Amino acid sequence: MKVVVIGGTGLIGRNLVTWLAGQGHEAVPAAPSTGVNTLTGEGLKEALQGADVVVDVSNSPSFADDDVMAFFRTSTGNLADAAREAGVGHYVALSVVGTDRQPDVGYFRAKVAQEELIAGSGLPFSIVRATQFFEFAGGIADTSVTDGVVRLPGAGVQPMAAADVSAAVGRVATGDAVGGVTEVAGPEVFGLDEWVRTVLTARSDPRRVVTDPRAPYFGAVPGPADLLPGAGALLSETTLAEWLARA
């Protein structure tokens, strides 16, 4: 298959291109740096010519509420139009577990809008919702610091390695269109506070992680299971300890 990966130069995209190539597919990374811009439409028509599948793992450069909504609405609209014109047979997008449970979070509202646009595009599609990536723990800590202390709630999370996310997206992309949502998650459940604390400790990061049930995550306080996948989620194999050992 020819698979065009929108956002193919980023963390998930690079791994996905490698995974697809390893499975014998023609994987084409598409990003502004390769001359493809989903916001302006530049290069989209040319990139999608002859493509069997398009996979969108791109992300907004700004997480401000209005910016991220504008990004996903505009880029998804342009990509869907170009995919229809090119006769692409499968539209796949990476989303986030729990997007539909936290309407107070601007980023999650934007991902829901993206999913709705794809579902209404008339194209065969699959949405892959993934849990948090192990690689994001440090960034979560950085945005949760108050007076030098990391404050996080104990809401449940089931994080996974970015490489496992890419492989899961690749398996969906090279299969039949689901016409709905597939959830993927890591093999272990942690508290959000516990997960970040474990990573900081392993990295000898001196910042203290305090459990605060009122602390927000991306601007809203998640419920105990808001960030956890459903019972039918596909589970990856890499544990947090294994990932930390490799890192």
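Further up the page is the structure itself.
Here the structure is a predicted model, which means the values were calculated and not measured.

S.K.: Outline the packing of helix α1 (residues 11-22) against helix α6 (residues 162-173), supporting the account with residue identities and numerical values.
M.R.: Helix-helix packing: each pair is described by the crossing angle between the helix axes and the interaxial distance. Contact pair α1 / α6: the axes reach a minimum separation of 8 Å and the direction vectors enclose 55°. With respect to each other, α1 and α6 are oriented oblique. Once α1 is placed against α6, the crossing between them reads as right-handed. Together, Leu 11, Ile 12, Asn 15, Leu 16, Trp 19 and Leu 20 of α1 and Ala 162, Ala 163, Val 165, Ser 166, Ala 167, Val 169, Gly 170 and Arg 171 of α6 make up the contact between the two elements.

S.K.: So what about the packing of aromatic side chains? Which residues, and what values?
M.R.: For the structure on display, the rule yields eight aromatic pairs. Plain terms: the ring middles of Phe 63 and Phe 218 are 6.3 Å apart, the flat faces sit at 45° to each other, and that makes the pair tilted. In this pair, Phe 63 is assigned in the loop between β3 (53-56) and α3 (65-86) and Phe 218 in the loop between β11 (209-211) and β12 (234-235), connecting sequence segments 155 residues apart. A residue is classified by how much of its surface remains accessible, and Phe 63, at 41% relative accessible area, is partly exposed. Under the relative-accessibility criterion, Phe 218 is labelled partly exposed at 45%. By way of ring pairs, the aromatic residues Phe 63, Phe 71, Phe 72, Tyr 107, Phe 108, Tyr 217 and Phe 218 are connected into one cluster.

S.K.: Hey, could you go over the nonpolar core for me, with residue numbers and the actual values?
M.R.: Judged by nonpolar contacts, the single largest core of 28 residues is most densely connected at Tyr 107, Trp 195, Val 196 and Leu 240. Among the elements that line this core, the one with the most residues is helix α7 (residues 192-202), at five residues. Aside from chain neighbours lying at most four places away, what touches Leu 240 is Phe 134, Glu 188, Phe 190, Trp 195, Thr 198 and Val 199.

S.K.: Got a sec to walk through the environment of Gly 87? Specific residues and values, please.
M.R.: Along the polypeptide, Gly 87 turns up in the loop between α3 and β4 (90-96). Sequence separation of Gly 87 and Leu 240 is 153 residues, and the distance between their C-alpha atoms is 41 Å.

S.K.: An account of the sheet that holds β3 is requested, with residue identities and associated values reported.
M.R.: Spatial ordering of the open sheet is given by β2-β1-β3-β4-β5-β9-β12, a layout of seven strands whose pairing is parallel. Lying at the two open borders of the sheet, with one neighbouring strand each, are β2 (26-30) and β12. Note that β4 and strand β5 (residues 125-130) share six bridges and pair parallel. Bridge pairing in β5 places Val 92 opposite Ser 126. Running at roughly 170° to strand β1 (residues 2-6), α1 makes contact with β1, β2, β3 and β4 of the sheet.

S.K.: Before we move on, can you summarise unusual backbone geometry with the specific residues and values?
M.R.: The phi torsion at Ser 204 lies on the positive side, around 60°, for a residue other than glycine. Its place among the elements puts Ser 204 in the loop between α7 and β11. Located in the positive-phi region is Phe 218, a residue other than glycine, with phi close to 55°.

S.K.: Describe the sheet that holds strand β6 (residues 145-146), naming the residues involved and giving the relevant values.
M.R.: With mixed pairing, three strands are arranged side by side in an open sheet as β6-β7-β11. The open sheet has two free edges, formed respectively by β6 and β11, since each of these has just one partner strand. Where β6 lies against strand β7 (residues 149-152), two bridges are found, and the strand directions are antiparallel. Across the sheet, residue Val 145 finds its bridge partner in β7, namely Val 150. α7 contacts β7 and β11 of the sheet and is inclined by roughly 165° relative to β11.

Calculation notes
- Residues numbered from 1 in each chain as written.
- Predicted model: local features only at pLDDT ≥ 70, side-chain atom pairs only at ≥ 80, totals over all residues.
- Heavy atoms only, no water.
- Axes fitted to C-alpha atoms, helices over the stretch in contact; angles between N-to-C directions.
- Helix = DSSP H or I, 4+ residues; strand = E, 2+ residues; numbered from the N terminus.
- Parallel < 35°, antiparallel > 145°, perpendicular 65-115°, else oblique.
- Left-handed = near helix turned anticlockwise from the far one by under 90°.
- Contact = heavy atoms within 4.5 Å.
- Phe/Tyr/Trp six-rings, centres within 6.5 Å; stacked < 30°, edge-to-face > 60°.
- Buried < 20%, exposed > 50% of the residue type's maximum accessible area, 1.4 Å probe, protein only.
- Core = buried A, V, L, I, M, F, W, Y, C linked by side-chain atoms within 4.5 Å.
- Pairing = 2+ DSSP bridges.

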